[in-house]
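Residues per chain, in single letters:
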Amino acid sequence: PRPSPRHANAASSLATDLHDAFQKGRSGPGGWWILFEPEVHLRDDVLVPDIAGWRRETLPALPEIAWFEAVPDWLCEVISPSTSRIDREKKLPLYAAAGVEWAWIVDPSLKTLEVLRRRNDRFVLLDAYFGETSISAPPFEDVTIELAPLWV
């Protein structure tokens with residue numbers, strides 16, 4: 001099923017902020033590719049995170065094919081009630097085992113953003129942000145992101 005309007009809003013708002021600052025270099029350092037729902041081939045698994053990012057050192061140019069074989073440096077899954085278990089129990093372990101360094105989990109229903117970092121092929125929670133705060137979180141600590149627009 002397609003994402004709910006709250007899910008789509010959270011993903012779109014966050015992707016726009018990160019794309020402007022980290023891909024286009026507007027009010028941020030640039031140096032990344034930030035993409036919405038890319039198809040990522042990790043070993044034998046084909047996954048589609050809500051948002052993914054590659055440092056330009058990792059992926060100097062976008063591929064000519066319709067999917068990515070390069071492991072993202074960061075990704076974000078926006079949790080919906082119907083996808084929470086799949087995102088947390090199935091996808092996150094596959095991302096960590098493949099070498100994704102950073103993951104964010106956004107839950108529009110709970111108004112939370114969790115920052116996870118890979119350690120020993122699994123993700124550990126570094127921080128969690130709640131409500132309508134402003135954050136500077138790795139790997140994007142060079143900018144401040146307002147969370148309130150994600151929860152509209």
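The notes below deal with the structure included here. (Residues numbered from 1 in each chain as written. Predicted model: local features only at pLDDT ≥ 70, side-chain atom pairs only at ≥ 80, totals over all residues. Heavy atoms only, no water.)

1. Some words on the packing of aromatic side chains
Tallied over the entire structure, the rule returns six aromatic pairs. Ring centres 5.0 Å apart and planes at 80 degrees place the aromatic pair Trp 74 and Phe 140 in the edge-to-face group. Linking Trp 74 in strand β5 (residues 74–78) with Phe 140 in the loop between β9 (134–135) and β10 (145–146), this pair joins segments that are 66 residues apart in sequence. The exposure class assigned to Trp 74 is buried, which follows from its relative accessible area of 0%. Judged by its relative accessible area of 0%, Phe 140 is buried. By the ring-pair criterion, three or more aromatic residues cluster together here, those being Phe 22, Trp 32, Trp 74, Trp 104 and Phe 140. A cation over a ring is seen here: Arg 56 above Trp 33, with NZ or CZ 3.6 Å from the ring centre. (Phe/Tyr/Trp six-rings, centres within 6.5 Å; stacked < 30°, edge-to-face > 60°. Helix = DSSP H or I, 4+ residues; strand = E, 2+ residues; numbered from the N terminus. Buried < 20%, exposed > 50% of the residue type's maximum accessible area, 1.4 Å probe, protein only. Lys NZ or Arg CZ within 6 Å of the ring centre and 35° of its normal.)

2. Things to note about the sheet that holds strand β6 (residues 102–107)
The six strands are arranged β1-β4-β5-β6-β7-β8 in an open sheet whose pairing can be described as mixed. Only two strands of the sheet have a single partner each, and these edge strands are β1 (32–36) and β8 (122–130). Going across the sheet, the axis of each strand differs from the next one's by a mean of 15 degrees, ignoring polarity. Strand direction decides the pairing type here: strand β7 (residues 112–119) and β8, joined by eight bridges, are antiparallel. Pairing of Arg 117 across the sheet is with Val 124, part of β8. Sheet strands in contact with helix α2 (residues 84–98) are β5, β6, β7 and β8, and its direction is about 175 degrees off that of β5. (Pairing = 2+ DSSP bridges. Axes fitted to C-alpha atoms, helices over the stretch in contact; angles between N-to-C directions. Contact = heavy atoms within 4.5 Å.)

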